[in-house]
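What follows is each chain in one-letter form.
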Amino acid sequence: MRIATVNLLHGRSLRDGLVDTDRMIRAVTDLGASVVGLQEVDRNQNRSGNVDQTAVIARAMMADGAGEMGYRFVPAIVGEPGGRWAAAAHDDPLSGHDLDSSHNFPSAYGIGLISLLPVESWHVVRLRAAPVRSPILLPGTRRPMLLPDEPRAALIAVLRSGVAPFRTIATTHLSFVPGWNVRQLSLVLRALAELPGPRILLGDLNLPHAVVSRVTRGWTSLAITPTYPGTDPKIQFDHVLTDATSVVADASSQAVAMEISDHQALVTDVR
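Residues numbered from 1 in each chain as written. Predicted model: local features only at pLDDT ≥ 70, side-chain atom pairs only at ≥ 80, totals over all residues. Heavy atoms only, no water.

*Asks:* Talk me through the nonpolar core; I want residue IDs and the actual numbers.
*Replies:* Counting 28 residues, the largest nonpolar core has V6, L8, M24, V36, L38, I57 and I114 as its most contacted members. When contributions to this core are tallied by element, the ones reaching two or more residues are β1 (2–7), α1 (21–29), β2 (35–43), α2 (53–64), β3 (70–79), β5 (108–115) and β15 (265–269). With six residues, the single largest contributor to this core is α2. Setting aside residues up to four positions removed in sequence, M24 forms contacts with L8, G11, Q53, V56, I57 and I260. Listed in part, the 24 residues of the second largest apolar core include F166, V240, A244 and A255. (Core = buried A, V, L, I, M, F, W, Y, C linked by side-chain atoms within 4.5 Å. Buried < 20%, exposed > 50% of the residue type's maximum accessible area, 1.4 Å probe, protein only. Helix = DSSP H or I, 4+ residues; strand = E, 2+ residues; numbered from the N terminus. Contact = heavy atoms within 4.5 Å.)

*Asks:* Any chance you could break down the pattern of salt bridges for me, citing the residues and the numbers?
*Replies:* Inspection of every chain in the model, using the stated rule, returns nine salt bridges. Notably, a salt bridge pairs D42 with R47, separated by 2.8 Å at the nearest N-O pair. By relative accessible area, which is 0% here, D42 ends up buried. Owing to a relative accessible area of 36%, R47 belongs among the partly exposed residues under this scheme. As a salt-bridge pair, D149 and R152 come within 3.4 Å of each other at their nearest N and O atoms. Using a relative accessible area of 8% as the deciding quantity, one classes R152 as buried. (Salt bridge = Lys/Arg side-chain N within 4 Å of Asp/Glu carboxyl O.)

*Asks:* Just give me the short version of the sheet that holds β2, but keep the residues and values in it.
*Replies:* One open sheet accounts for seven strands, arranged β4-β3-β5-β2-β1-β15-β14; its pairing is mixed. Looking at which strands have only one partner, the edges of the open sheet turn out to be β4 (85–87) and β14 (254–256). Sheet twist, expressed as the average angle between the axes of neighbouring strands with direction ignored, equals 25°. Looking at chain direction, β14 and β15 are connected through three bridges and run antiparallel. Across the sheet, Q254 pairs through a bridge with V267, a residue of β15. (Pairing = 2+ DSSP bridges. Axes fitted to C-alpha atoms, helices over the stretch in contact; angles between N-to-C directions.)

*Asks:* Quick one: what's the story with the packing of aromatic side chains, residue by residue and with numbers?
*Replies:* In the structure shown here, the tally under the stated rule is one aromatic pair. For the ring pair Y228 and F237, a centre distance of 5.5 Å and an interplane angle of 40° mean the geometry is tilted. For F237, a relative accessible area of 16% corresponds to the buried category. Of note, R183 hangs over the ring of W180, and the distance from its end group to the ring centre comes to 4.9 Å. (Phe/Tyr/Trp six-rings, centres within 6.5 Å; stacked < 30°, edge-to-face > 60°. Lys NZ or Arg CZ within 6 Å of the ring centre and 35° of its normal.)

*Asks:* Describe the environment of L202, with residues and values.
*Replies:* One can find L202 in strand β11 (residues 199–204). The spacing of L202 and T268 is 66 residues in sequence and 10 Å in space, taken between C-alpha atoms. Beyond its immediate chain neighbours, meaning those up to four positions away, L202 contacts I3, A4, T5, G37, I169, A170, T171, T172, H239 and V240.

*Asks:* So what's going on with the side chain of H173? Residues and values would help.
*Replies:* As for its placement among the helices and strands, H173 is situated in strand β10 (residues 168–173). Exposure remark for H173: the relative accessible area of 9% places this residue in the buried category. Engagement of the side chain of H173 in a polar contact is seen with the side chain of R152, the distance being 3.4 Å. One polar contact links H173 to D204, side chain to side chain, over a distance of 3.1 Å. Apart from the residues within four sequence positions on either side, H173 is in contact with N7, Q39, E40, I111, R152, A153, D204 and N206. (Polar contact = N/O pair within 3.5 Å; in protein donor to acceptor, adjacent residues only side chain to side chain.)

*Asks:* How would you summarise the environment of L266 if you had to cite specific residues and measurements?
*Replies:* Relative to the assigned elements, L266 resides in strand β15. When its relative accessible area of 0% is taken as the criterion, L266 is described as buried. Between the alpha carbons of L266 and D238 there is a distance of 6.7 Å; along the sequence they are 28 residues apart. Those residues in contact with L266, other than ones at most four positions away along the chain, are I3, A4, T5, A223, T225, T227, Q236, D238, H239, V240, Q254 and A255.

*Asks:* Just give me the short version of the sheet that holds strand β12 (residues 220–221), but keep the residues and values in it.
*Replies:* If you trace the six strands from one edge of the open sheet to the other, you get β6-β9-β10-β11-β13-β12, paired in mixed fashion. In this open sheet, the two strands that pair with only one neighbour each are β6 (119–127) and β12. Judged from the five bridges that link them, β11 and strand β13 (residues 238–242) form a sheet pairing that is antiparallel. Opposite G203, over in β13, you have H239 as the bridge partner. Packing of helix α3 (residues 180–193) onto the sheet brings it into contact with β6, β9 (152–159), β10 and β11, and relative to β11 it is tilted by some 155°.

Taken by themselves, the reported measurements are silent on function.
Set out below in C-alpha cells:
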C-alpha cells in the first residue's frame, strides 16, 4: 500500500511561477498513492484559480482508484496568505463532506488528507502560531526574511478496521520557528496516542531527520532521504513516521521530484 506526503506550494511551479490546476493534479495522482497528506493547500484563493485544491485532487484520485474514499481540507488561516487573514477557528467548516457539493467555502489556506480507503472518523488538532518572528528563505529568493508565524493544524483520519496495515493516519505542517515546531510535534503525537493504533504521521515537519528521531521516541521513520529544496534536495523536512513495528516500508520508498512545489514528494510503500 502506497502513502505519500506532498507540500503543494499551492500548486505553484518554480520553473514558470504559474499555478496550473491540471499540472498539480497530475503531479499528485502520478504518485499512485492510496492515502495522500497535503500541505500548503489553497481553497478558493485567487492565486490558484479559486478552486478547492484538495477536492479537485480527490476527484481525480477517485476516478483512477477505489470507489469508496474520504477527504478533508482543514484551514489553518482564513483569508489571503501574505495579505489579510485570521486564524481559523474550531468551528470553521471543513470542506470534503460531499464530493458533488458546491459549497461556497471562504478563502482559506491549510492542509488536506485524501484516502481511497474508508474513513471511520476525522479529527483536527489546532496548533497556535509562535509568538515571535523567525528568518525564513522564501521560494525563489536568496535572502531570508524575518516573518511572523502562522497558526497550524493536524488532520487525522481513523480508518475502518482491517483495511490497511495501520488504523490511524495523520498529516500536519509544523511551524518554521525552531523549538516551537518541536513543541507542536509533541502535541500532535499526544493527540495520536489517544486514537487507535497502529499509527502513521506524515507531513512537512520543518525539522531535519536527526531532530525528528530524537523527539519522536518510540516512532520510526519509514523513509530517510532529503526532500528540500525540490530541485536539489539537501535536507529532509518531509517525513513518514510510524509507532508500530508491524508497519514496514519497502525498499521502493523514495523522494519524488515534481513539476510543482519547492519540495519533493515523499512516497512510501508499506506492508
